[in-house]
Amino acid sequence: MGEPLMLATWTTGQAANAAGWPHLVAPDGGAIDAVEHACRNAEADPQNMTVGYGGRPDAAGEVTLDASIMVSPARCGSVCFVRRFMHPVSIARLVMDRSPHVLLAGDGAERFALAHGLEPADLLTNAARQAWQAWLATRGAAAVGTPQANIEEAPAAAAPAAEAAHVVEAAEAAEAAEADHDTIGVLARDAGGRLAGACSTSGMAFNAPGRVGDSPIIGHGLYVDPDRGAAVATGHGELVMGVCGTFLAVERMGQGASPAEAAAEVVRRIADAYDLAENDQVGIITLAPDGAWSSAALRRGFRVAVRTPDRDELAEPHTVLLT
Ligand code: ASP
């Protein structure tokens, strides 16, 4: 059935793959365990300010997490707007395995997690709070679509002017360090040929309170069909959502497109549909049922972390549409 394979988004995908790999190759493991554990690794890393614990908050200073997991159209689960649990991917897996539903949101998702024995956790680290305060001090008040009332009612006050300089520096350093990573998205194929995918994110930094992106929406940030293939996306969720990005990619593979053609078509459709801003980015990874894979991005900077029995490295996307 071929050799086991893991593919993950961004440079942080290498550590995630390393955490998932033992589960991929364990006799009692497989693709679904591998993708869950890969995401859990990124979720627990406080240095990763785009996923899980330590993720940057929304415009009101609150960290909200989204995640999804999938093995087939009939077997998938997701959660959004989770504020008190470090591992939304594991809540998503519980939704998939132990509920008749696909997506649970907010308080309901958290009650479901509690009922299944998961431990609540605080998600906001000092570094993430400082980054938010810096954003608030410099750009927050002018943010489009962010009601001023939400900012004024935020749980921590904006940094006084005297403190603003050092928090701005902290935020800029964090942003620079993040240029090469974002949402964790993972696809895996195990030795039995089974496909699985998962993704987890704290969303776009400082987004409008209540905003949910592509990651927890099946067919947008993640899609897996054992007969057609799998795809996971990262970047500006609204762009992916407008074209049902991962469903589109998998559907095209089912109609005979190669993984490279399918991934390229998604970023082309986005570029055709939107008047893109300079920093708009989307990356997508595609995986065919036979293990062939590819990826595409709107712009330079996206990387795929690839793991096989004899390969552990970062790869450039096959297509970079806008150079
Ligand atoms: N796609 C995620 C979202 O829009 C964010 C990301 O990948 O950075 O919520």
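Note: the structure precedes this text.
All values reported here derive from a predicted model rather than from experimental measurement.

Chemist: So what's going on with the overall build of the chain? Which residues, and what values?
Modeler: Broken down by element type, the chain carries ten helices and 13 strands. Considering only contacts in the chain between residues 6 or more positions apart, those separated by 24 or more positions represent 64%. When the accessible surface of the chain is split by element, carbon and sulfur atoms take 50% of a total near 12,900 Å².

Chemist: Hey, could you go over the packing of helix H1 (residues 13-25) against helix H2 (residues 31-44) for me, with residue numbers and the actual values?
Modeler: Each packed pair of helices is defined by two parameters, the angle between the axes and the distance between the axes. Two elements in contact, H1 and H2, have axes separated by 7 Å at closest approach and are oriented at 150°. Accordingly, the angle class assigned to the pair H1 and H2 is roughly antiparallel. At the point where H1 passes H2, the crossing takes the right-handed sense. Side by side, H1 and H2 meet where Ala15, Ala16, Asn17, Ala19, Gly20, His23 and Leu24 of the first sit next to Ala31, Asp33, Ala34, His37, Ala38 and Asn41 of the second. Looking at the contact of H1 with H2 residue by residue, the class counts come to seven nonpolar, five polar and one charged.

Chemist: Describe in detail the site of the ligand, supporting the description with residues and values.
Modeler: The local shell around the ligand consists of Asp182, Thr183, Thr201, Gly203, Met204, Arg211, Gly213, Asp214, Ser215, Thr234, Gly235 and Gly237. Side-chain polar atom of Asp214 to a nitrogen atom of the ligand: 2.6 Å apart, as the coordinates give it. Here an oxygen atom of the ligand sits 2.9 Å away from a polar atom, N or O, in the side chain of Thr234. Protein chains bury 100% of the 270 Å² of accessible surface belonging to the ligand in isolation. According to the grid-proximity analysis, the pocket containing the ligand is the largest cavity.

Chemist: Explain the packing of aromatic side chains residue by residue, including any values.
Modeler: Evaluation of the coordinates by the stated rule reveals three aromatic pairs. Judged by centre distance (5.0 Å) and plane angle (85°), the ring pair of Trp10 and Phe302 falls under edge-to-face. Pair noted here: Trp10 is in the loop between strand S1 (5-9) and H1 and Phe302 is in the loop between strand S10 (293-297) and strand S11 (304-308), with a separation of 292 residues, a long-range link. Comparing Trp10 with Phe302, the two get one shared label, buried. For the pair Trp135 and Phe206, a centre-to-centre distance of 5.0 Å together with 20° between the ring planes defines the contact as stacked. Highlighted residues: Trp135 in helix H5 (residues 126-138) and Phe206 in the loop between strand S6 (195-201) and strand S7 (222-225), separated in sequence by 71 residues.

Chemist: Can you explain the sheet that holds strand S9 (residues 282-287)? Please cite residues and give values.
Modeler: Strands sit in the order S7-S8-S9-S10-S13 across an open sheet of five strands; the sheet is mixed. Of all strands in the sheet, those bounded by a partner on one side alone are S7 and strand S13 (319-320). One ladder, built from six bridges, connects strand S8 (residues 229-235) with S9; its direction is antiparallel. Within S9, the residue paired with Gly235 across the bridge is Val282. Where helix H9 (residues 245-254) meets the sheet, its contacts fall on S7, S8 and S9, and the angle it forms with S8 comes to roughly 150°. Packing of helix H10 (residues 259-273) onto the sheet brings it into contact with S9, S10 and S13, and relative to S9 it is tilted by some 155°.

Chemist: Can you break down helix H4 (residues 106-115) residue by residue, with the values?
Modeler: Owing to its 3.6 residues per turn, the α-helix aligns residues three or four sequence positions apart on the same side. Along H4, the positions that sit buried rather than exposed are Gly106, Ala109, Glu110, Phe112 and Ala113. Down the axis of H4, the sector holding all buried residues measures 160°, keeping them to one side. Within H4, the exposed residues directed more than 90 degrees away from the buried face are Arg111 and Ala115. Immediately beyond the C-terminal end of H4, within one or two residues, lies Gly117, with a positive phi of roughly 85°.

Chemist: Could you give an account of the environment of Ala249, naming the residues involved and the relevant values?
Modeler: Residue position: Ala249 is located in helix H9. On the basis of relative accessibility, which here comes to 0%, the residue Ala249 falls in the buried class. Separated by eleven residues in the primary sequence, Ala249 and Ala260 place their C-alpha atoms 9.6 Å from one another. Those residues in contact with Ala249 that sit more than four places away from it in its chain are Ala231, Ala262, Val266, Ile284 and Thr286.

Rules of the game
- Within any chain, residue numbers begin from 1 and follow the written order of that chain's sequence.
- At least 70 in pLDDT is required for a residue's local features to be given in this predicted model, at least 80 for side-chain atom pairs to be given and counted, and no such filter applies to totals for whole chains, interfaces and linings, which use all residues.
- The side-chain values count all of the structure's non-hydrogen atoms but skip hydrogen atoms and water molecules.
- Counting from the N terminus, the helices are DSSP H or I runs at least four residues long and the strands are E runs at least two residues long.
- For this analysis, residues touch if any pair of their heavy atoms sits within 4.5 Å.
- The protein chains shown are the only cover counted for residues, whose accessible areas, like all others here, come from Shrake-Rupley with a 1.4 Å probe.
- Orientation is described by axes fitted as lines to C-alpha atoms, over the contacting stretch for helices, and by angles from 0 to 180 degrees between their N-to-C directions.
- Put simply, angles under 35 degrees are roughly parallel, angles over 145 are roughly antiparallel, angles from 65 to 115 are roughly perpendicular, and the rest are oblique.
- The sense of a crossing depends on the near helix, which, turned anticlockwise from the far helix by less than a right angle, makes the crossing left-handed and, turned clockwise, makes it right-handed.
- Gly is placed with the polar residues, together with every amino acid not listed as nonpolar (Ala, Val, Leu, Ile, Met, Phe, Trp, Tyr, Cys and Pro) or charged (Asp, Glu, Lys and Arg).
- Think of it this way: one heavy atom of a residue within 4 Å of a molecule or strand is enough to make that residue near it.
- For this analysis, a polar contact is any N or O atom pair within 3.5 Å, provided that within protein one partner can donate a hydrogen and the other can accept it, and provided that sequence-adjacent residues contribute only side-chain to side-chain pairs.
- Within this scheme a cavity is a closed region of a 1 Å grid, computed over the protein atoms alone, that accommodates a 1.4 Å probe without allowing it to escape, whereas a pocket is open but has protein on both sides within 12 Å along at least five of seven lines; lining residues each have an atom within 4 Å of a point.
- The way we define it, a molecule is inside a pocket or cavity when more than half of its atoms are within 2 Å of that pocket's grid points.
- In this analysis, rings of Phe, Tyr and Trp, with Trp reduced to its six-membered ring, are considered paired at centre separations within 6.5 Å, and the interplanar angle assigns stacked below 30 degrees, edge-to-face beyond 60, and tilted for intermediate values.
- The rule is simple: take the accessible area with a 1.4 Å probe, protein chains only, and divide by the maximum for that residue type; under 20% is buried, over 50% is exposed, in between is partly exposed.
- One requirement defines pairing of two strands: DSSP has to find at least two bridges between them.
- As used here, the arc is the angular range of directions from the helix axis to the C-beta atoms.

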